[in-house]
Amino acid sequence: MSRQMFYAVAIWLACAVPASATMAYVSNEKSNTVSVIDTDSWTVTRTIKVGQRPRGIEFTHDGKSVLVAVGDDDTIEVIDVAKQEVVDTLPSGPDPELFVQDAAGKLLYVANENDNTVTIIDIARRGRLGEVQVGVEPEGMAISPDGKILINTSETTNMAHFIDTATRQIVANVLVDARPRFAEFKRDNSELWVSAEIGGTVTVIDPVKREATGKISFAIPGLRREAIQPVGIGMTKDGKTAFVALGPANRVAVVDAMTHQVTKYLLVGQRVWHLAFTPDEKYLLTTNGVSNDVSVIDVAALKVIKTIQVGELPWGIAMAPP
Amino acid sequence: MRSRVPVAALFALLGMTGLGRAADPRYPDWPCAQAKVPEVSLAAVWAGPDLDDVANKWKDNATVSALVPRLAARRTPLDEAEKAIAEFLSDSPARKEERGKLLFAGLFETLNAQRGSVMSGLERITRKQREAADAIRAETLSMHALQDAATPDPAKIEQTGNQLLWQTRIFEDRRRVIKFVCEVPVAIDQRLFALGRIIQQGME
């Protein structure tokens, strides 16, 4: 082997990611990049240039692509995971922020904040299938475990809209607290949680009766109520434990998801926004917008074990499917 | 040929400063796009043990009072600060908690004070800019009067023109400085949080 060849192979080996490693993709809203984190070494292995103002970010179900909403470019970009670069775009409609895929991973539902609509996209064909008119400033998106109901939260009307995915009609509205941000179903479809950034609460909704059944509040001694702004929610697969990101309170609340009681607050980074579990649920990663880093929480120990610097204003996080 | 000061351009420049258009009506002199948060609350940066019992004691400890300004200075890289904190805490394992509390109490007080003085400086300079903008407007009008006079005085016009040039240059320089300094309170917040996190992890 020539010396050059040897070095080339050595460099390739050094850069190559072991096939078993799970990768987390973090959208950095201000630096217009996506940071790729290797969850074995907890290091950033790549920074991908994307469009303007990347926020919502998700893996496709086949794990081959990462979709990232670049709101100021009015599109969703497709990152090829193998190439680690943007290879295509989806016709998302104006100012996409958050989106969700249907149960089969074929359709994408996109909240268009400035247009009061939800755009539906066929992921494989990269084509727009239609849109649903919703409340003012749609934001949070979630799909029921059976894929039949799409939830969209509206920032101004403070509602969670229940949309029938077959008829694309709104079938119910549930009032929540001020500025709902994020919605998350329990896997057994027993509860739907909706966080309210200004209201400072998480509303628990019965998805069958389509009515609010409980409310989770947060209190941290020494912090003003308005500094506690619930945004991202992460729930374990068994539906027993939930984590709620509290924005400028710089903490993640640990919630007993059966009793709806907060059991602990973990100091993570500044302006914690969204969360994602590793596939084995051993770790939970949080994006911290002001400290420009990602915190790693050991889920069993309920301790922050690591902080990883990423780009400016980290916002969303997507974890590779197992 | 008479040189005319481009009045419209000057007024446009003054309009661009954002003076008198504060985003938050509570703080009319606050010039930054970043929201004004007058004080960092302890709970936002510290989840460790209560600091009430050490609040005023950190200055009495010679090591702590020497370490605080070094760690607080933004020219000290965070890696270096992390090493210094680890060394300081491991020096006396039995008193780790007490030492960590003293150190953070010192940093919290020092960096909050620094932040406060940067913010009041920003507001002071905004008020000065407002006065400077008024002066430039007045000077521009008198320049026009001189230029439009039936028998213009070239020496006077040149003198006023020079003065206007300098005033505008100072105004513009200050505007650039303000934009730059607006980043400082956030940089201090970030540093305080990062140092607090290192200390809390070191105390565990």
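Residues numbered from 1 in each chain as written. Chains lettered and ligands numbered in written order. Predicted model: local features only at pLDDT ≥ 70, side-chain atom pairs only at ≥ 80, totals over all residues.

A. The arrangement of the interface of chain B and chain A in detail. Facing the 10 residues of chain B at the interface are 12 residues of chain A. A per-element tally of the side of chain B that touches chain A places helix α7 (residues 183–203) of chain B first, with 5 residues. Considering only residue class, the side of chain B that touches chain A consists of 6 nonpolar, 2 polar and 2 charged. (Contact = placed C-beta atoms within 7 Å. Helix = DSSP H or I, 4+ residues; strand = E, 2+ residues; numbered from the N terminus. Nonpolar A, V, L, I, M, F, W, Y, C, P; charged D, E, K, R; others polar.)

B. Region of the structure containing the domain arrangement of chain A. All names here are of chain A. By domain assignment, chain A separates into domain 1 (24–133) and domain 2 (218–317). Using C-alpha coordinates to define each centre, domain 1 is positioned 22 Å away from domain 2. Taken residue by residue, the interface counts 17 residues in domain 1 and 17 residues in domain 2. No other element matches the 4 residues that strand β1 (residues 23–28) contributes to the side of domain 1 that touches domain 2. Split into classes, the residues belonging to the side of domain 1 that touches domain 2 amount to 6 nonpolar, 8 polar and 3 charged. (Domains from an automatic or database assignment.)

C. Structural view of the packing of helix α5 (residues 96–148) of chain B against α7(B). Residues and elements named next belong to chain B. Where α5 meets α7, the closest approach of the two axes is 10 Å, and the angle between their N-to-C directions is 180°. If you check the angle between α5 and α7, you find them roughly antiparallel. Between α5 and α7, the residues in contact are K96, E97, G100, L103, F104, L107, F108, L111, Q114, R115, V118 and M119 and V184, P185, I188, R191, L192, L195, G196, I199, G202 and M203, respectively. When grouped by side-chain class, the residues that make up the contact of α5 with α7 number 14 nonpolar, 4 polar and 4 charged. (Axes fitted to C-alpha atoms, helices over the stretch in contact; angles between N-to-C directions. Parallel < 35°, antiparallel > 145°, perpendicular 65-115°, else oblique.)

D. Inspection of the sheet that holds strand β4 (residues 54–59) of chain A at higher detail. All names here are of chain A. Across the sheet, which stays open at both edges, the 4 strands sit in the order β4-β5-β6-β7 with antiparallel pairing between neighbours. Of all the strands in the sheet, the pair left with one neighbour each is β4 and β7 (85–90). Pairs of neighbouring strands in the sheet enclose a mean axial angle of 30°, with direction left out of account. Pairing analysis gives 5 bridges linking strand β6 (residues 75–80) to β7, with the strands arranged antiparallel. Within β7, the position partnered with I79 by the bridge is V86. (Pairing = 2+ DSSP bridges.)

E. Region of interest: the pairing of strand β17 (residues 192–196) of chain A. All names here are of chain A. Among the 5 residues of β17, 5 are classified as buried, and the element is accordingly described as predominantly covered. Alternating positions in β17 separate into two faces, L192, V194 and A196 on one and W193 and S195 on the other, with burial throughout. As judged from the 5 bridges shared by strand β16 (residues 180–185) and β17, these two strands associate in the antiparallel manner. Along β17, the bridge assignment pairs F182 with S195. Adjacent in sequence and paired antiparallel, β16 and β17 are bridged by 6 residues, among which N189 carries a positive phi angle near 65°. (Buried ≥ 20, exposed ≤ 12 C-beta atoms within 10 Å, placed from the backbone.)

F. Examining the environment of A:I121 more closely. Residues and elements named next belong to chain A. Here I121 shows up in strand β10 (residues 117–122). The buried category is assigned to I121, around which 26 C-beta atoms lie within 10 Å. Distance in space between the C-alpha atoms of I121 and V100 is 10 Å, their sequence separation being 21 residues. Setting aside its immediate chain neighbours within four residues, I121 contacts L90, P91, S92, L107, L108, V110, G127, R128 and L129.

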